Amino acid sequence: MRVLLLGGGGREHALGWKLAQSPMLDRLISCPGNPGLGTLGDVAADVDPEDPAAVVALCRERAIDLVVVGPEGPLAAGVADALNAEGIPVFGPTSAGARLESSKSFAKEIMAAAEVPTAGSATFRDRETAVIHLEESSGPYVVKADGLAAGKGVLVTESLEAAIEWVDGCLEGRFGAAGSAVVIEEHLTGDEVSIFYLCADGEAIPFQPARDYKRLLDDDEGPNTGGMGSFSPVEDIDDDLVDWTTVHVALPTLGELASRDIDYTGFLYVGLMLTSDGPKVLEFNCRLGDPEAEVLMPRITSDLLAVLNAASNEGLTGHGVTWSNRAAVDVVLAAPGYPESPVKGLRITGLDHIENILVFHAGTREAGGRLVSSGGRVLNIVGLGDNIGEARDNAYAAAQHIEFKGKQFRTDIAAKQEGTSP
Ligand code: AMP
Ligand code: GLY
């Protein structure tokens with residue numbers, strides 16, 4: 001098979017690495033790809049993965065049998081719709097399905113209809129009613145831009161003034177069209193967990209749990225980031241919670257979409273808060289998490305391409321995903337200045353002599369035959385082991401060894417999970 005993988009971050013390098021192990025694969029082409037993906041196949045760096053017509057043309061030119069979409073951007077832009085219209089199999093939902101992520105108010109509407117537990121909420125398009133609503137409630141306040149805002153559209157605050165300012169910022173265009181509506185939510189407290197599914201035809205296969213670290217610095221200090229590390233398995237997410245989420249969240253959500261003629265084929269990411277009233281959904285994403293994918297892919301023992309191909313064609317019946325009993329820990333090496341203004345063009349060295357680990361590229365590019373940084377999160381260093389402690393030791397040994405100026409990484413990824421083994 002000839003597979004086109006859309007995206008060019010660490011999640012896509014991990015997906016591509018796993019797909020490349022399939023005996024069904026003849027050729028992997030990634031768009032826009034990255035230097036890591038370039039070692040696994042061809043890279044179409046000059047095609048915009050968010051341009052549906054350009055992606056269809058690339059598929060025709062390269063005789064693509066299956067498109068796998070990593071990030072949400074191409075999905076929200078309607079790439080899967082265009083591929084479906086051309087009869088090109090694609091793993092990733094249509095723009096209507098991707099609204100679970102690209103419109104928080106749509107996700108709330110689906111959850112209400114499907115009776116999925118979530119925080120109470122109201123959606124506003126004008127300032128006045130939003131402000132009255134905030135003034136009539138009590139803090140902490142949760143205010144979210146409705147649309148895609150690269151994870152930056154959410155404010156949780158004790159301050160009424162700050163909440164009102166956030167409403168103003170959204171409605172005045174700080175997040176572009178994504179902020180033309182705001183969702184104000186009931187504040188929830190509890191531990192957060194994410195559960196991932198592989199979905200097609202109303203069926204949902206749960207993945208093993210993974211957890212990420214969103215804050216820049218140790219002990220969850222510092223600003224929010226895209227994710228500074230991750231690990232899998234996760235001891236405190238047990239099978240009962242996964243089963244509960246399948247029955248009370250994933251299947252009813254897919255059912256509600258189907259009742260609206262929306263066929264959802266793709267990954268579904270369920271962000272939950274474990275409240276004293278039981279688990280409640282914080283958000284949906286129409287993709288795998290990044291950096292969670294980087295610890296999940298190395299733990300899958302079955303043929304991922306076979307199951308994604310089945311999902312995108314005849315359906316999941318008879319297919320599944322099997323998991324190794326090894327643990328994985330990902331330490332993200334980030335550029336200095338990340339997340340506000342990462343320094344680009346820094347030369348990366350030390351990648352040649354590392355063993356027992358996987359390196360998934362995120363923000364790198366080649367310049368004059370050398371590897372340099374090109375984004376905030378530069379490399380994912382994934383250690384494997386018989387338990388989390390061993391995987392962690394392997395990841396950190398390599399994280400020390402790889403160098404670029406001003407390299408930042410957390411030193412406490414998976415530190416509290418040492419004994420966990422699959
Ligand atoms: P979201 O992108 O909607 O998941 O929100 C980003 C982060 O904001 C979540 O991971 C939570 O930490 C926090 N958050 C979102 N919604 C709520 C809520 N209703 N109550 C408390 N915290 C929330
Ligand atoms: N790791 C969180 C995300 O991918 O949104």
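Our subject is the structure that appears above.
Quick summary incoming for the structure in this document.

**Section: unusual backbone geometry**
It is generally the case that most residues other than glycine have a negative phi and that most peptide bonds are trans.
Here is step 1: Cis peptide bonds are those with omega within 30 degrees of zero, and the linkage from G139 to P140 qualifies with -10 degrees.
Here is step 2: As for its position among the elements, P140 is in the loop between α8 (127-136) and β7 (141-145).
Here is step 3: A cis amide bond, omega 10 degrees, links Y338 with the succeeding residue P339.
Here is step 4: Relative to the helices and strands, P339 is located in the loop between β18 (327-334) and β19 (357-361).
Here is step 5: Positioned with a positive phi, D201 is a non-glycine residue whose angle comes to about 50 degrees.
Here is step 6: When you line up the elements, D201 lands in the loop between β10 (191-200) and β11 (203-206).
Here is step 7: D201 gets classed as partly exposed once you look at its relative accessible area, which sits at 49%.

**Points about the site of ligand 1**
Here is step 1: The full set close to ligand 1 counts 13 residues, and K144, E185, E186, L188 and E192 are the nearest of them.
Here is step 2: At 2.9 Å from a nitrogen atom of ligand 1 is found a main-chain nitrogen or oxygen belonging to L188.
Here is step 3: The contact in question runs from an oxygen atom of ligand 1 to an N or O atom on the side chain of E192, over 2.4 Å.
Here is step 4: In isolation ligand 1 exposes 470 Å². Once the protein is present, 83% of that is buried.

**So, the nonpolar core**
The tendency in soluble globular proteins is for nonpolar side chains to be buried side by side.
Here is step 1: If you look at the biggest cluster of nonpolar residues, it comprises 75 residues, and the most contacted ones within it are L4, V67, L83, Y197, F284 and V329.
Here is step 2: With sequence-adjacent residues up to four places away left out, V67 is seen in contact with L4, L6, C59, L83, I88, P89, V90 and F91.
Here is step 3: Within the second largest apolar cluster, 39 residues are counted, among which are A14, F196, F360 and L384.

**What to know about the packing of aromatic side chains**
Here is step 1: Inspection of the entire model under this criterion finds 8 aromatic pairs.
Here is step 2: Judged by centre distance (4.9 Å) and plane angle (75 degrees), the ring pair of F91 and F267 falls under edge-to-face. Taken together, the residues span a long stretch of sequence, with F91 in strand β5 (residues 90-91) and F267 in strand β16 (residues 266-275) at a distance of 176 residues.
Here is step 3: Taking the relative accessible area as the measure of exposure, F91 reaches 1% and is therefore buried.
Here is step 4: Take F267: its relative accessible area is 4%, and that puts it in the buried class.
Here is step 5: Relative to F409, the ring of Y396 lies with its centre 6.1 Å away and its plane at 45 degrees, an arrangement referred to as tilted. Taken together, the positions of Y396 in helix α13 (residues 388-401) and F409 in the segment after α13 put the pair 13 residues apart, joining distant regions of the chain.
Here is step 6: Judged by relative accessible area, Y396 falls into the buried class, the value being 10%.

The rules behind these values
- Every residue gets a number counted from 1 within its own chain, in the order that chain's sequence is written.
- Naming scheme: in the order in which they are written, chains are lettered from A and ligands are numbered from 1.
- Selection of residues for local features in this predicted model requires a pLDDT of at least 70, selection of side-chain atom pairs for listing and counting requires 80 or more, and totals for whole chains, interfaces and linings are taken over all residues.
- Only hydrogens and water are set aside when side-chain values are computed; all heavy atoms of the structure are taken into account.
- Put simply, DSSP H or I for four residues or longer makes a helix, DSSP E for two residues or longer makes a strand, and each gets a number counted from the N terminus.
- A 1.4 Å probe rolled over the protein chains alone gives each residue an accessible area, and that area as a share of the maximum for its type sets the label: buried under 20%, exposed over 50%, partly exposed in between.
- In these notes, residues near a molecule or strand are those with any non-hydrogen atom within 4 Å of it.
- Polar contact is the term for a pair of N or O atoms within 3.5 Å; when the atoms are in protein, one must be able to donate a hydrogen and the other to accept it, and sequence-neighboring residues count only if both atoms are side-chain atoms.
- Methods summary: accessible areas were calculated by the Shrake-Rupley approach with a probe of 1.4 Å, and residue burial reflects only the protein chains presented.
- Joining through side-chain atoms within 4.5 Å is the link that ties buried Ala, Val, Leu, Ile, Met, Phe, Trp, Tyr and Cys residues into a set, and such a set is a nonpolar core.
- Any two residues whose heavy atoms approach within 4.5 Å at even a single point are treated as in contact.
- Whether two aromatic rings pair depends on their centres lying within 6.5 Å, for rings of Phe, Tyr and Trp, where Trp uses its six-membered ring; planes under 30 degrees apart make the pair stacked, over 60 edge-to-face, and the rest tilted.

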